[in-house]
Each structure stands twice: as structure tokens, then as C-alpha cells.
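A structural walkthrough
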Amino acid sequence: GCCPGGGGVWCRLGWASLLEGAAAALTATWQLAQREASSMRPSRRSAVAPRSTSSGGTGGGRSAGRGGDEGEDDKDKAAPGSPGCGWSGGGGLSGNVPPRLLSRGLCCAGLLILLQNLLLLRWGSLALQGCTLVSEVAPFAELPPPSGQGAFLRGVVADTVKSPSAAASTSSLVVGGALHARGASSPVSAAKASAAAAPRKPGARRSKKGHGHNGPPAKKRTSAPATTRKATLAPTPAPERRPSRDLAPAGSAAATGPMTPLSSLNDIPREKLRIFGSEVPSTVKYSIGFGSVKRKKDYILETVGTMLGLSGDMSKSILTAQEREMVVLVAHLSDFDMDWVRSVSNKLRTDYADLVSSGRFHVVHAPQEMYPLLEVCPPLCTYKDEPLRVKWRSKQNLDYAFLMHYSAPLAPYYLQIEDDLGFANNWVTKMDNYVKSHYPPTWRSTDNVPWRLIDFSQLGFIGKMFQADELSRMAQYLVLFYDQMPCDLLLSDWMQSMNQRKRIDYWRKQPSLFQHVGIFRTLGGFQPLQERKFGKLLFDNPQGQVGGNMTIVPTYEGKFAYFPGGEPQRRNDVCDFTKSPAHHKQKTHRCWFWGKEVHAGDHFQLTFAAPTGIPLKGVFLEQGHPKHEKDLFVKAEVQVAGPGCKNFFHLAPIEGSETMIYWEEGVSNPPKLPVPKVKCLRIIALVDQEDWVAIQQVQVRTS
């Protein structure tokens, strides 16, 4: 009766134990009272003992007539040496224990049993609540809107389920107050009662079978509408906004701004990225995507015209009008300098208005607020890269991801290039013929897998072709691992995960379609990276002689620094390997020009074979060596002279710890050559110095 609604086994056991403890305590108290009364009788018996003894047998009759008391006295007397403290009444105990101590011990034991069972009742209630919260939380979503104390109880349980750390305090609250409320012994029973009173759906049945050996019967649950669930569960405060590095549900990027590695690009409207661009014509087969950022030279302004055959000396042979109808260009201006973005986009829109109006040129920009945390190093400095490089490559991955996301629906195929390239003649036709003849849409590998990637260049992320229906996967892959690896390594891993085990390299058997012409790096400095399979090298190194007046380390001559016609692809030089630790345990060797005892006026000189000189467009110099870091010019300069090589003019300074020096016409200072054509080029020391000088390479370009 103390467990409303029949209760549970824990409730019944708790109340039964409580009654047992109370009975034991009352029994001990009664025994103590009886013993206190009997402990006073031996003094009265000692006063009448002689009369009892003289009367002989009448004493036994008198004892029998007085109930059990005199029988106890006789037993006390019959025990030789007994001090009169023995007790044999009802309990069956006998001995020499003082009655007061024994009785009080029994009373304390009863109280301990009472305390124990009070705790058992509390623990039973907690166990009942903990075992049923998980199984009962689903019906809570189907309950009608709560009211009164039932609402309070259901809110407590809902909060407990959502926050396990609050379970202890919630259990105390329920046991301390709500458990003994009229009509509800626990939140779960209150919820059951409300659920039973709520109208059922047609056809719903309740199983009355108990849990047998095979476990509880299967329950078919239906999820409640979102509005009901929100009305039933107690509201929780909105979570605190965490840094953008934390994971967020997919689709939050469009609503809240920054993306995360688990954000979905599909939730970003393409219109939000577009600066300009219109509907793509049906003749388009290839979308050509590239990114561009602000640097010392904006290559994009001339690359667009070059790749489409609209500008340049060889424009007509690079691309025809029919080939232009097959492509759409997508440029991602991914710099965060909005003044630069507006300036470049306006110029592109003006210079290529026909392409824009025909839908063959789109320009996009992903706002800075869309990007997740880029400063991940430290602590995440993978590949031993410096923090600036980790930030740069992480952003580059995301730049490509936004670009691919936008370009995916524009054409059946997508080609990834860069904004600083040269192009082979009729490169679109060559690319199209290769795809149609070798890898049509129906092509499958021996593993019955379509091709995922065709590589038209051996350099980095240049000339990589995808099928557009798989492009979104690649874009999402870049987002997922944007801060872990550079894009070219992610590309290889993605290809393997898409079951293309073997690379398809167009450039292995045929000349590459693209040449890298950008020397100015986005991180600063220079990168004279050349595509050797393109045909003509960017740095063509005209024929000439190497000379000068510097004292050299024996066998480390100028021929190792300048190679007419371009540096060989494979080198295995021969010099005195004992002079430098750089040759220790090396299978192939690269020697360099090495000067010692350097004084002001000492120089390294190139004299070109052309009688009237060469049309110099750029010159690149790399000095020093990883094993000889101090072997640099302290103060020097690059000079040029016309025919006769008598009057030399300043072209570029060499100061401090610079290891790479580059001059390019129209970009560097001075922007123009001080002479019409260059016959001689020299690198001259302006001061005396103690350290030697190492020159690894001198590269010259004439176009």
C-alpha cells in the first residue's frame, strides 16, 4: 500500500526492510525494559531466601505458582558460582554477559538495521530511476504538453537525459521531494500514467507480457513531430559560440559564416561566390578553373588572353575560335584584399567583355568569413613546415575547394590549372582528342572502375583533369583535410581512395601542354620551376662563354653554374668531392662555381655568342649552398653591357643574406633594360670579404 500503483520490486523491498528494521528496534527496546525490571528482583529474593529454604518442598510449589520468575531464580541458584546475571528467558541465550550491556547492544543493532534499511530504500529509488530513464525517454516525446507537477517531473527527467553530469543532483531532487507526491512515486511512473491517459493512435497495442529469458519484447516506436518534442523537453540555453576550428553541423557555413572540416559545400549557394558570369553555352565541354592571389606580378591579366589565343605573339596558333567554344573559364580571386579583388575583376570584365557576355568567363570570390581557422600551426605543424607555409597551404586547399564546388555543374569535364602558365599550340584539341580516344565515358579499368584523374602536367596541381560528376567529392575531400596535407598529396590519396590505382600521365609519352612561367611566389621570394616536358624551357640560356677574374676552388668552375641551352634534366657532375661535405655518401653529384679570396671588383661573367647581344627578359641567380651557408656575396650587384662589353650598367642589387635574386622586364626595378640588347652579364663584388662565394645556378630567359 505504500507504493502507489503497485510500485516496483525495489519499492516493495525497501518498505519491507524498513518495517523489519523497525520491528527489530521495538523488540530490542521491549527486551531492554523487561531486563531492567527483572534486574531489580535479586535484592528482594535475597531478603526472603531463608524462609524459602526452611519450608523445603513448599518452595518449589510456590515457585511454580508464581509463573516463570521463581523458576529463573532457581536456575540462577542452581548454577554453581553464578553471579546472578544469567538469562534464559525466550532468547535461548545464557552466559556471563551483564544484562544491561547485552540489552543495550541489541537495541543499537536494531537502530543500525533501521538506518541500513532507510539507506536501502533511498538507493532502491535511485536505482529504479537510473534503470528506467533510458528506456522511458522515447515515450516522453509523445506526451501532451506538461502541466503542474507532472510537467516539473518530466522536465527534470528530460534535463537529466540530456545532461548525464546532472543525474546525481536531479536524483536527489526527485527522491527528496517529488517522489512522495500524491499520485506519483517517481518521474517514470508519472510519465507512464500520463502516457496511459493520452489518446492512442489507431491500431496501437500495449504488450502485457513480462520480460522472459529472451529479453523484453520488441517495441515499435514512432518519433514525435519536432514541435511536440520541443514542447515536451525542457529547453536548454544556446551553446556558447566556439572558435571556428570546432566541428559544426553540415550546412552551418551558409548561415553562420566560417566553415569547418565537416561542413558541406552543397550548403553554399553558388550565387554567393559569383562576381560575374552568365549561363554557359551548350557547346562547352571543359571548364578550366584556376585561382589567383595578389603578388608582385598579376599573371592572371595576361594568362587569360594567352590561353584563349586572344593575345601574345603566338595567339592564333594557341587556340582557334572553334576551340574557344569548347571551354568556359572560372577564375577564383581568392585574396582577402578586397580592393585588389575589385580592381582585377573590373579589369577582367572590361578586357574580356565578349567572353563574359557569352557565358564563357566566370569570376568568383569566397568571402573571408567563409574560411575556417587557418592559423593551425602551432601546434599542428605537419611536414615540419613553418607556420606561414602551413597557413598558406591550408588556405590553398580551401581556395581549390570553393573553385571546384562552383565549377562542378558547368561542363562534363573540369581541368585544374594555375594563373601563371604558358600553353602549347592547340592545347584544347590535343586534350580533347586524348580523352575521346583513350578514356571515353564508357571506359573502365580491369577492376571495373572509371578513370578519376588524368594528368597533363608533371608539376604540382597543374593540368589535372576530373570528370565533373566526381568533382564535388574532390572538393569536399579538400575541405575535410585542408589543414593536414598539401593539395598535391591530398590529390594522390583521393585518387587511390577512388580506386584508381595507376596514374594516367599524358606527359610521359607526349609533350606537356603547360609550362609554368610564374617566378614570383605568393609567399614571397622566387620559384624558377620549369616543366621540362613542355618542349622549350622558360629559361632557355642562350649560347655563351663563362669567365671572370675570381680565384676559384680547384675543379669548381663556372660551367657548373651556367648551362647553355638550359640545365640538363639529369646531372652527375665531377669535381673534387673531398673539398665539401655536400658530396659525402651521395650517389649523384652536383657541383657549383666556388670562388675564394673575394675582393672588390672580382666578378663572374657571361659573354653571349650572339654578335649584337640577346633580348634579355629575365635573369635568375641562386647563390650559397646548404652545406656552406656563409658563402654569399656580402655586397654585390648584377650588371649588363651592350656590344663591346665596356660600359656596364646596374640591373639588380645583391645584399645581405639573399640566396635568390631575380630580375624580370616590366616587373622589377628598373623595369627596362639600360641597353637595347645584352652582350655581357656579370656579377661583381663591391667590397672585400673573408667568406667564399658559391654560385649554384644562373638562368637567363629571352622570351
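Going by the structure above, here's the rest.
Read on for a plain summary of the structure. (Residues numbered from 1 in each chain as written. Predicted model: local features only at pLDDT ≥ 70, side-chain atom pairs only at ≥ 80, totals over all residues. Heavy atoms only, no water.)

**Thoughts on the overall build of the protein chain**
The helix and strand inventory of the protein chain stands at 19 helices and 20 strands. Counting contacts in the protein chain only where the partners sit at least 6 residues apart, residues at least 24 apart contribute 72% of the total. For the protein chain, the exposed surface amounts to about 37,300 Å²; the carbon and sulfur share of it is 56%. (Helix = DSSP H or I, 4+ residues; strand = E, 2+ residues; numbered from the N terminus. Contact = heavy atoms within 4.5 Å. Areas by Shrake-Rupley, 256 points an atom, 1.4 Å probe, with all protein chains shown as cover.)

**Quick look at the packing of helix α16 (residues 387-407) against helix α18 (residues 471-480)**
The interhelical angle for the contact between α16 and α18, taken along N-to-C directions, is 155 degrees, at an axis separation of 8 Å. Between α16 and α18, the crossing angle belongs to the class labelled roughly antiparallel. In the crossing of α16 with α18, the sense of the turn from one axis to the other is left-handed. Note on element contacts: α18 touches α16 through Leu471, Met474, Ala475, Leu478 and Val479, opposite Asn397, Leu398, Tyr400, Ala401, Met404, His405 and Ser407. In terms of residue class, the contact of α16 with α18 is built from 9 nonpolar, 3 polar and no charged. (Axes fitted to C-alpha atoms, helices over the stretch in contact; angles between N-to-C directions. Parallel < 35°, antiparallel > 145°, perpendicular 65-115°, else oblique. Left-handed = near helix turned anticlockwise from the far one by under 90°. Nonpolar A, V, L, I, M, F, W, Y, C, P; charged D, E, K, R; others polar.)

**Some details on the state of the cysteines**
Linking two cysteines covalently via their sulfur atoms produces the bond known as a disulfide. In the structure shown here, the tally under the stated rule is 3 disulfides. Between the sulfur of Cys575 and that of Cys591 lies a disulfide, 2.1 Å long from S to S. For the disulfide bridge between Cys575 and Cys591, the dihedral angle about the S-S bond is near -85 degrees, and by the sign convention the bridge is left-handed. Note that Cys575 is positioned in the loop between β12 (551-552) and β13 (593-596) and Cys591 in the loop between β12 and β13, a separation of 16 residues in sequence. Neither residue differs from the other here; Cys575 and Cys591 are each classed as buried. (Disulfide = S-S within 2.5 Å. Buried < 20%, exposed > 50% of the residue type's maximum accessible area, 1.4 Å probe, protein only.)

**Describing the sheet that holds strand β16 (residues 635-641)**
The 5 strands are arranged β11-β14-β19-β16-β17 in an open sheet whose pairing can be described as antiparallel. The sheet is open, and its two borders are formed by β11 (544-548) and β17 (648-655), each paired with just one other strand. For this sheet, the mean angle separating the axes of adjacent strands, direction not counted, is 15 degrees. (Pairing = 2+ DSSP bridges.)

**Here we look at the pattern of salt bridges**
Evaluated as defined, the whole model comprises 24 salt bridges. Here Glu664 makes a salt bridge to Lys297, at a shortest N to O gap of 2.7 Å. With Glu664 in strand β18 (residues 660-664) and Lys297 in the loop between β2 (286-292) and α11 (300-307), this residue pair connects regions lying 367 residues apart in the sequence. Each member of the pair Glu664 and Lys297 is classed as buried. Salt bridges sharing common partners tie together Asp455, Lys464, Arg503, Asp505 and Arg508. (Salt bridge = Lys/Arg side-chain N within 4 Å of Asp/Glu carboxyl O.)

**Here's the deal with the environment of Ser334**
Within the secondary structure, Ser334 sits in the loop between β3 (327-333) and α14 (338-351). Sequence-wise, Ser334 and Tyr400 are 66 residues apart; in three dimensions their C-alpha atoms are separated by 9.4 Å.

**Description of the packing of aromatic side chains**
Under the criterion given, the structure shown has 24 aromatic pairs. Pairing Phe456 with Tyr506 gives two aromatic rings, centres 5.0 Å apart and planes at 45 degrees, and the pair type is tilted. Of the two residues, Phe456 is situated in the loop between β7 (454-455) and β8 (464-467) and Tyr506 in the loop between β9 (504-505) and β10 (514-516); the sequence distance between them amounts to 50 residues. Accessibility classification places Phe456 together with Tyr506 in one group, the buried group. Seen from their ring centres, Trp594 and Trp692 are 5.4 Å apart, and the 75 degrees between their planes marks the pair as edge-to-face. Remark: Trp692 occurs in the loop between β19 (680-685) and β20 (693-701) and Trp594 occurs in strand β13; sequence separation between them is 98 residues. Taking the relative accessible area as the measure of exposure, Trp594 reaches 2% and is therefore buried. Ring-pair connections join several aromatic residues into one group, and the members of that group are Tyr434, Tyr439, Trp443, Phe456 and Tyr506. Positioned over the ring face of Phe336 is Lys395, at 4.9 Å from the centre of the ring. Note that Arg682 overlies the ring of Phe648, its terminal NZ or CZ placed 3.9 Å from the centroid. (Phe/Tyr/Trp six-rings, centres within 6.5 Å; stacked < 30°, edge-to-face > 60°. Lys NZ or Arg CZ within 6 Å of the ring centre and 35° of its normal.)

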